[in-house]
Amino acid sequence: MWVQLALVLVLVTAAGLALILQSRSAIEQAAEQRSRTVAETFAQAPGTVQALDGPDPTAALQHRTQQIARKSAIDALVVFSPQGIRYTHPDPQLIGKHVIGPYKRALTHGTFTRTFKASTGVTVISIAPVTRDNGSVAGLVSAGITVNRVRGMVSAQLPVLLGGAVLALALAAGGTVLVGRRLRRQTHGLGPAEMTRMYEHHDAVLHAVREGVVIMDAEDRLLLANDEARRLLELPPDADGRPLADLGVHSQATELLASHGTVTDALCSAGDRLLAVNIRPTDPPGSPPGSVATLRDTTELRALTGRAAAAQERLRLLHDVGAHIGTTLDVRQTAQEMADAAVPRFADLVTVDLAESVLRGKDPTTPAAPLRRAAISPAPPPTSDAATVALDEVRAAQVHALTTHEAVLVPSLTHTQPRPRDPGDAHGPDPEPRPASLITVPVRARGVALGIANFYRHQASSPFDEEDLALAEELVGRAGVSIDNARRYTRDHTIAVTLQQSLLPGAFPDQEAVETAHRYLPAEAESAGVGGDWFDVIPLPGARTALVVGDVVGHGLHAAATMGQLRTAVHNLAIMDLPPDELLGHLDELVSRIDDNAEQEADQITGATCLYAIYDPTSGRCTMATNGHPGPALLRPDGTVSFPDIPVSPPLGLRGEPFETAELELPEGSRLVLFTNGLLADRHRDFDTGLEQLRDVLSGSPDSTPEETCQAVLEAMLPPHPNDDIALLVARTRRLKAEDIAEWTVDRDPAAVARIRTEAADRLSAWGLDESSYATELILSELVTNAIRYGADPIRVRLIRARSLICEVTDGSSTAPHLRRAATMDEGGRGLYLVSRFAERWGTRYPKHGKTVWTEQPLMVTAKQVVTDTTDEAVLDQWDDSAW
């Protein structure tokens, strides 16, 4: 608006100044200027365009042009159409006549002025175009004036002309302001540039979209249709403004477009096309009612939708296969998961055959290796032969797939014949459906064939095609990795279990001290692998027994191997007859060394616990020590259950911490229950709750045997799926009878040796062991003599009749005897040699004070047999008591 106002102001001001400055010296120029100014002013005056676009331009403009011509002191003001037909003229007879002259220049070049000589003299005519807002020409305005008229009137009419210019300026300004405000309201504040850009973008988008757009008025006349709508509806070129029913559109589409209601994604046919139609009514304020429809061609989308749905289903199948295959590390279960995932979404029947070596966890062998059925889905009835139909073709496809490592598609199994109906069952069910199409895919991993997967479809289903072949290859490829992982796990697990079983103890020999029963249950969690729990029952000298239970932290081969090292170390240390605290000290040093090596080799660090207990049946005392391992449960003969308080020591491998022992005196028939953490604690039960549950189980079976106790404990406390190994050892204590034990105190007098030999012989005779008397007297004579000569007070001798005859000589010195071979000329050094030859075993142990030298003899060995088997007369002649 302001631009137009400024333009009018500039033009009128320029015209006035030109009249003033050139009134005397440029009459002709003034005439041209006046003519041009009047023509352009009238052309741009408000209402001129509306009058020209109105139904009767002559009636609207004739009177007005005559008035302006008189007031502007020009000879003629003529308005005519772009085709040169006059709308106004001073001579009414010329209205409607064609204009003569080069007026068409104004249509393309804008306002121009021509000066020519006429019968009335030199005349100046200016022709200005009347333009609409969109730039199109609505008409032309011609203003003519003679130079003589200007020359005579300039001086007299100058004030009038100036006043007219001012008045024209005011009218133009007022009209411009009014028109500009109205335009602003109608265009919502958009200026000409914005309106032009908006219409350009609107037109570009309207014809570029792939949807048809149709605008109709209330009488169903077509107001606008873009290029896509013209193509879809096959509209003629002159369709604008015509009723929709006259355009030859398909009747179904015409009825839908003329429904005058809201329509959403309605389908209708238009010739050979299927259109999706959306219709919305339009009734903006101040505008006539109508409707807008959008058209979308869905003919091709139907086929694309079907293919897209099939592709989406294949992707979902592959996703489900990836999510459901490989949930376990079992080869057969993994194969079954793949078969179940493919039925019935991809195939009607799936079989998976794997090499026999793969099922055992070994590496696959040659393609000719025998295959074993690993999975089938769905499971066939007992009489079904669905898996053996079209045998020749199926085998040929399988052999080709295994040898070439490529999938084989058999769209039609030509040899498949339906099983005939039983003649006696005319109304029975249809015969079992038979496979009619086959895809066989080699199950491969790391470039090696593990087996083969067969996908069948029945005759009622569509046969397999190339796209199905690609899907089957992808499905089996994913399953092959999981099957190979399960195979490798099976192999590693088998190796680890074999190693673990070889490291664990087998059956224990009968012991004088205890009656034992044990259980070992590995963890069921596949991720756990083999564990490091162990237990042991070790016979010790003096009819004693060592009870051991331990736990290596973690699972796998490292834990099993560490367990084997620790169990071997405990056996070796037990041979030395060390007390529990010393034995655990040596074991702690061993674990520390293992950890040092693990740090150097960047391997995992070992963590281990152990409980070591020694039970002596002669006294009923049990000495035990633990390093971070839970203590045992004690069930006494009266049915009371307790958990002895054992000094707590840190786990093995921390070094520097001393181990403390606890000593219990157990009545005969007491039961010690040793266990690992897996028995009490799991994800659903804490350790304290497990202890209370164990107490309840043991108190409910006070008279049961160790074997029955093991069974009762596991039945009550075993978790459904233990995630840790469980080691359980139950030992029922025994006591040796007093009459089976003989003890003497020995004075430090060499003469006491004869007394000990005599009393020992009498006791052996009372025991009915006369045949062992000679060897026992020799052993006691040597041991007692050396204790008197080299030992310290007090000196004690003890004979124990158990599964063997045990001789023990104890003194207060800690000096250890050593076996050596005496030379031919040596006078001594043969005493311990003879003891070692007469005794089945001998050794030394160190109680809290002093030492004990012990020997074990078979109960029925005679002295003659011993001498014959071990030495000769010359050796006996040279035997003395100086071998210490």
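Residues numbered from 1 in each chain as written. Predicted model: local features only at pLDDT ≥ 70, side-chain atom pairs only at ≥ 80, totals over all residues. Heavy atoms only, no water.

*Asks:* Could you give an account of the pattern of salt bridges, naming the residues involved and the relevant values?
*Replies:* Scanning all chains against the criterion turns up 27 salt bridges. In this structure, Asp238 and Arg242 form a salt bridge, with 3.1 Å as the shortest nitrogen-oxygen distance. You can call Asp238 partly exposed: its relative accessible area is 48%. Under the relative-accessibility criterion, Arg242 is labelled partly exposed at 27%. Put simply, Glu589 and Arg593 hold a salt bridge, and the shortest N to O gap is 3.6 Å. A residue pair is termed a helical-turn pair when its members lie 3 or 4 positions apart in one helix, as Glu589 and Arg593 do in helix α16 (residues 580-600) at 4 residues. The class for Glu589 is partly exposed, based on a relative accessible area of 34%. (Salt bridge = Lys/Arg side-chain N within 4 Å of Asp/Glu carboxyl O. Buried < 20%, exposed > 50% of the residue type's maximum accessible area, 1.4 Å probe, protein only. Helix = DSSP H or I, 4+ residues; strand = E, 2+ residues; numbered from the N terminus.)

*Asks:* I'd like a description of the environment of Leu590, backed by residues and values.
*Replies:* As for its placement among the helices and strands, Leu590 is situated in helix α16. Its relative accessible area of 25% is what places Leu590 among the partly exposed residues. Residues contacting Leu590, with those up to four places away along its chain left out, are Gln565, Leu566 and Ala569. (Contact = heavy atoms within 4.5 Å.)

*Asks:* Explain the confidence of the model for the chain to me, and be specific about the residues and the numbers.
*Replies:* Confidence in the prediction of the chain, expressed as mean pLDDT, is 79, and 80% of residues score 70 or more. For residues 383-389, every residue scores under 50 in pLDDT, and the model assigns this stretch 13 contacts once sequence neighbours within four places are set aside. (pLDDT = per-residue confidence, 0-100.)

*Asks:* Could you give an account of the layout of surface pockets, with specific residues and numbers?
*Replies:* Within this model, the second largest pocket holds a volume of roughly 1000 Å³. Around the second largest pocket sit 33 residues that line it, and Arg544, Asp616, Arg845, Pro847 and Lys848 are the ones nearest its centre. Residue composition of the lining of the second largest pocket, grouped by class: 10 nonpolar, 9 polar and 14 charged. (1 Å grid on protein atoms, 1.4 Å probe; cavity = no way out; pocket = protein on both sides within 12 Å on 5 of 7 lines; lining within 4 Å. Points joined across faces, edges and corners; volume = space filled by probe spheres on them. Nonpolar A, V, L, I, M, F, W, Y, C, P; charged D, E, K, R; others polar.)

*Asks:* Could you give an account of the pairing of strand β27 (residues 805-811), with specific residues and numbers?
*Replies:* Burial runs high along β27: 7 of the 7 residues are buried. Neither face of β27 is open: one carries Leu805, Cys807, Val809 and Asp811, the other Ile806, Glu808 and Thr810, and all of them are buried. Direction of pairing for β27 relative to strand β29 (residues 851-857): antiparallel, over a ladder of 7 bridges. Each residue of the ladder has a partner; that of Leu805, found in β29, is Gln857. (Pairing = 2+ DSSP bridges.)

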